[in-house]
Amino acid sequence: MSSVMPQPATDAILACTVSRDVQNFDLLIEDMESALGESWGDLGFAESLAFFGQPEADGMEFIALAMDDADEENMPLMTEIITQAKARGLKVILIAEDVTPSALHSLLRQGADEFVPYPLPEGELAEAIERLRTPPPAPAAAAGGTTLDARAQKDGAVIVVHGLAGGTGATTLAVNLAWELANIETAGGPSVCLIDFDLQYGSVSTFLDLPRREVVYEMLSDTEGMDEEIFGQALLTYEEKLSVLTAPSDMLPLDLITAEDIERVLNMARNQFDYVIVDMPSTLVQWSETVLTAAHIYFATLELDMRSAQNTLRFKRALQSEELPIEKLRYVLNRAPKFTDLNAKSRVKRMAESLAIGIDLQLPDGGKPITQANDHGMPLAASAPKSPLRKEIVKLAASIHSLRDADAAAA
Ligand SMILES: Nc1ncnc2c1ncn2[C@@H]1O[C@H](COP(=O)(O)OP(=O)(O)OP(=O)(O)O)[C@@H](O)[C@H]1O
Ligand SMILES: [Mg+2]
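Residues numbered from 1 in each chain as written. Chains lettered and ligands numbered in written order. Predicted model: local features only at pLDDT ≥ 70, side-chain atom pairs only at ≥ 80, totals over all residues. Heavy atoms only, no water.

Caption draft 1: Layout of the overall build of the chain. Each helix and strand counted, the chain has 16 helices and 13 strands in total. In terms of overall dimensions, the chain is globule-like: its C-alpha atoms have a radius of gyration of 23 Å, near the 22 Å expected for 411 residues. In the chain, the proportion of contacts linking residues at least 24 apart, taken out of those at least 6 apart, comes to 79%. For the chain, the accessible area works out to roughly 19000 Å², and carbon and sulfur atoms hold 51% of it. With 32 positive and 63 negative side-chain charges, the chain shows a separation of 8 Å between the mean positions of the two kinds. (Helix = DSSP H or I, 4+ residues; strand = E, 2+ residues; numbered from the N terminus. Rg over C-alpha atoms; globule rule 2.2 N^0.38 Å. Contact = heavy atoms within 4.5 Å. Areas by Shrake-Rupley, 256 points an atom, 1.4 Å probe, with all protein chains shown as cover. Lys, Arg positive; Asp, Glu negative; His and termini not counted. Charge placed at Lys NZ, Arg CZ, Asp CG, Glu CD.)

Here it is in structure tokens:
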């Protein structure tokens, strides 16, 4: 390791640790040494911001931003470091000790590329570096465009997923439910369209490794002029089985989109597909009501913590005061405690009672493979087929599909 500021005179600096005091992370020092020899330096937080602009920083590949619970009070600075590093084309590995999931989530959202918990598990840093260096595979269907039949009248079922607090797994559920429904039958299965209405921060594209494109913005900004052809052009196909409307490439101001726009898009999708799965933004928007009204099932994801509890209460009150159809809501507890954890089980029960909600579905914590699947742009079926989380989502898909089959038979 070079002392204090990196010393470019000897070896070119390939990476830097950025931390309050790197001595608090001695395992990181060891792992950096074994991965990079002498070609790395260590920087303090403020120092790093000054350093990114220096010519010495040009040849650098990544920073390892190491933080613990004390640094969590300094989130704006952590965020700034990530933003500045990314702006200079540097990758960011986040090394975190005792940092809350919501802080972690927000930093990953700011663009941190990899996350490794501290104390570092054996070989994890080397693997993270390896992943940074491997270019992502080419998007499965960059070309885009789906040919649709203007006469289609499928009357698809609208299934919505809405995270009541950020990071509670809404997108993970939406993407994987869509994929399991698309694969529910070996041949001639239902057609499925997955729509990312989290128009600004939507991560469906990331989770399926699809590009965000301008045509989506164009389509959404003129839904009156939209027809089957324009809608079809805005869709991408994932692995030839799932049609996806990603969020647009540019951030779309949420108030630019009206309830009518949303209604047109949903109607179009319902005519063309058997299932329309919608990923909603966490915030309530002008057109939340439109989506709730169109929905057949509206999943609301939460976790067993205060933040989720408070948001759930607000969400429920907001819908009730507008007399919206709350009977469509299905509360989903993500990262639910294990069956054997009786103590946590009783916390779940108390939470449900105090919020006066029924928890309709509990999804287990799938651990790191879930985030890895999402980061690598693959459904769980492909990258973690045996995960307990995937198993629950498969069951859910099967029960939804059996309902629809029964409806079709009755009609
Ligand atoms: N049951 C689970 N087990 C393990 N990891 C999970 C689980 N559910 C979600 N995750 C991970 O948690 C993170 C947040 O999940 P996700 O993006 O699906 O949440 P979200 O509610 O859509 O968040 P946002 O507010 O950003 O839209 C992701 O890294 C995901 O891989
Ligand atoms: Mg999401």
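This is not the end of the story, as more comes after the structure.
Caption draft 2: Fine view of the packing of helix α1 (residues 26-36) against helix α5 (residues 124-133). Put simply, α1 and α5 touch, their axes get as near as 9 Å, and they point 50 degrees apart. Considering the angle they form, α1 stands oblique to α5. The element α1 and its partner α5 pack so that their crossing is right-handed. The segment α1 lies against α5, with L28, D31, M32, A35 and L36 engaging L125, I129 and R133. Of the residues contributing to the contact of α1 with α5, the split by class is six nonpolar, no polar and two charged. (Axes fitted to C-alpha atoms, helices over the stretch in contact; angles between N-to-C directions. Parallel < 35°, antiparallel > 145°, perpendicular 65-115°, else oblique. Left-handed = near helix turned anticlockwise from the far one by under 90°. Nonpolar A, V, L, I, M, F, W, Y, C, P; charged D, E, K, R; others polar.)

Caption draft 3: Focus on the nonpolar core. The biggest cluster of nonpolar side chains holds 49 residues, and the ones touching the most others in it are I195, F197, F231 and W287. With five residues, helix α10 (residues 259-272) is the largest single contributor of residues to this core. For F231, the residues in contact, after removing those within four places along its chain, are L148, M219, M226, V265, M268, A269 and F273. Residues L242, Y275, I370 and L389 belong to the second largest nonpolar core, which totals 38 residues. (Core = buried A, V, L, I, M, F, W, Y, C linked by side-chain atoms within 4.5 Å. Buried < 20%, exposed > 50% of the residue type's maximum accessible area, 1.4 Å probe, protein only.)

Caption draft 4: The domain arrangement of the chain, seen in detail. Structurally, the chain comprises domain 1 (15-133) and domain 2 (157-410). The C-alpha-based centres of domain 1 and domain 2 are spaced at 32 Å. In this complex, domain 1 contributes six residues to the contact, which on the side of domain 2 involves nine residues. Sorting the residues of domain 1 by area buried against domain 2 places H105, R109 and R131 first, and these three jointly supply 57% of that buried surface. Here R109 makes a salt bridge to D198, at a shortest N to O gap of 3.8 Å. For the interface between domain 1 and domain 2, the tally reads three residue pairs in polar contact (both at pLDDT 80 or more). Secondary-structure elements contributing two or more residues to the side of domain 1 that touches domain 2 are α4 (101-109) and α5. In terms of residue count, α4 provides more of the side of domain 1 that touches domain 2 than any other element does, three residues in total. (Domains from an automatic or database assignment. Buried area = accessible area lost by both parts, 1.4 Å probe. Salt bridge = Lys/Arg side-chain N within 4 Å of Asp/Glu carboxyl O. Polar contact = N/O pair within 3.5 Å; in protein donor to acceptor, adjacent residues only side chain to side chain.)

Caption draft 5: Representation of the environment of L120 in the model. Locating L120 in the fold gives a position in the loop between β5 (114-117) and α5. It is 9.3 Å that separates the C-alpha atoms of L120 and E97, two residues lying 23 residues apart in sequence. Sequence-distant contacts of L120, defined by excluding residues within four places in its chain, comprise L27, L28, D31 and I95.

Caption draft 6: Expanded view of the pairing of strand β13 (residues 359-364). Here strand β12 (residues 329-336) pairs with β13 via four bridges, running parallel. Bridge pairing in β13 places L333 opposite Q362. Regarding topology, helix α13 (residues 342-355) serves as the crossover connection from β12 to the parallel β13, and that connection is right-handed. (Pairing = 2+ DSSP bridges. Right-handed = clockwise from strand over helix to strand, strands pointing away.)

Caption draft 7: Spatial organisation of a negative patch on the surface. Taken together, D26, E30, E33 and E38 make up a surface patch of like negative charges. On the secondary structure map, E30 appears in helix α1. (Patch = residues over 30% accessible without salt bridge, like charges linked within 9 Å, V, L, I, M, F, W, Y side chains within 5 Å.)

Caption draft 8: The sheet that holds β5, seen in detail. Strand order in the open sheet formed by five strands is β2-β1-β3-β4-β5, with parallel pairing between adjacent strands. What marks the edges here is a single partner per strand, and that holds for β2 (40-43) and β5. Looking at each pair of strands side by side, their axes are set apart by 20 degrees on average, direction ignored. Taken together, the seven bridges between strand β3 (residues 62-68) and strand β4 (residues 91-97) define a ladder with parallel strand orientation. Following the sheet pairing, F62 is matched in β4 by K91. With respect to the sheet, helix α2 (residues 45-52) is in contact with β1 (15-18), β2 and β3, its orientation differing from that of β2 by roughly 125 degrees. Against the sheet, helix α3 (residues 75-87) touches β1, β3 and β4, its axis set at about 170 degrees to β3.

Caption draft 9: Representation of the site of ligand 1. Around ligand 1 lies a shell of 21 residues, among which T171, T172, N334, G366 and N374 are the nearest. In the model, an oxygen atom of ligand 1 is placed 2.8 Å from a nitrogen or oxygen of the R109 side chain. Contact between ligand 1 and N334: a nitrogen atom at 2.8 Å from a side-chain N or O atom of the residue. Notes on ligand 1: free accessible area 630 Å², of which the protein chains cover 92%. Secondary-structure elements contributing two or more residues to the shell around ligand 1 are α4, α6 (170-182), β12 and α14 (368-375). (Near = heavy atom within 4 Å.)

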